[in-house]
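If you want the building blocks of each chain, they are given just below.
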Amino acid sequence: AENAAPEVLALGHRLSRGSSLPPVEREVVILRVARLSQASYQAHEHHAVALRHGFTEEKIAAVAQYPAAESAEHLTDFEQDLIRFTDSVVETTTAPDDLFARITAVYNHSEVVELVLMIGFYMMVGRVMNTFEVELETGPVEIFRTASA
């Protein structure tokens, strides 16, 4: 059997760099999946990505700590719905009708499919990283190093 890694990496590239979802919303979802999956490597890598997309440290913490009362002040209503949707898909494989309706009021059908694929992809990646105990990177995340670094 052939190694599926190249195709998996291509899907990851498509879901991150080729995504139709807004970058901030995408990172909210990825950070939340990392938290729910206890995927420290993924959380570390996407912490840097989130900062590049304008997140504050407080907003990153809010994604992890939601629904703690103080976390809501750092998240939009829709970002909170994305977190609830992510939690639901991770924990039960589906979302309640009212929550699904709030997501589809903002995202079209294709974007909702992409959202669920993203959740599933990062669940898979987190589990692979955890199973093989991939060590955290030290220093800047490779894709964000500048020419002068």
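Up top is the structure these notes are about.
These numbers come from a predicted model, not from an experiment.

J.: Just to check I follow, could you spell out the environment of Ser-16 for this structure?
T.: Relative to the elements of secondary structure, Ser-16 occurs in helix H1 (residues 5-16). In this view, Ser-16 contacts Arg-26 and Tyr-122; residues no more than four positions away in its chain are not counted.

J.: Quick question: what am I supposed to make of helix H2 (residues 23-36) here?
T.: Owing to its 3.6 residues per turn, the α-helix brings residues three or four apart onto one side. Under the 1.5 Å per step criterion, the end-to-end length of H2 is 20 Å for 14 residues, consistent within 8% with the ideal 20 Å. Buried residues dominate H2, accounting for 10 of its 14 residues. The set of residues buried in H2 consists of Glu-25, Arg-26, Glu-27, Val-28, Val-29, Ile-30, Leu-31, Arg-32, Val-33 and Ala-34. Buried residues in H2 make contact with H1, helix H3 (40-52), helix H4 (57-65), helix H5 (77-92) and helix H7 (109-131).

J.: Got a minute to help me understand a nonpolar patch on the surface in this structure?
T.: A surface patch of nonpolar side chains, about 410 Å² in accessible area, is lined by Val-8, Met-124, Val-128, Phe-132 and Val-134. Since its relative accessible area comes to 41%, Val-128 is described here as partly exposed.

J.: Looking at this structure, how should I read the side chain of His-46?
T.: Along the polypeptide, His-46 turns up in helix H3. Every residue in contact with His-46, bar those within four places of it in the chain, is listed here: Glu-27, Ile-30, Leu-31 and Tyr-122.

Calculation rules
Residues numbered from 1 in each chain as written. Predicted model: local features only at pLDDT ≥ 70, side-chain atom pairs only at ≥ 80, totals over all residues. Heavy atoms only, no water. Helix = DSSP H or I, 4+ residues; strand = E, 2+ residues; numbered from the N terminus. Contact = heavy atoms within 4.5 Å. Expected span 1.5 Å × (residues − 1). Buried < 20%, exposed > 50% of the residue type's maximum accessible area, 1.4 Å probe, protein only. Patch = residues over 30% accessible without salt bridge, like charges linked within 9 Å, V, L, I, M, F, W, Y side chains within 5 Å. Areas by Shrake-Rupley, 256 points an atom, 1.4 Å probe, with all protein chains shown as cover. Salt bridge = Lys/Arg side-chain N within 4 Å of Asp/Glu carboxyl O.

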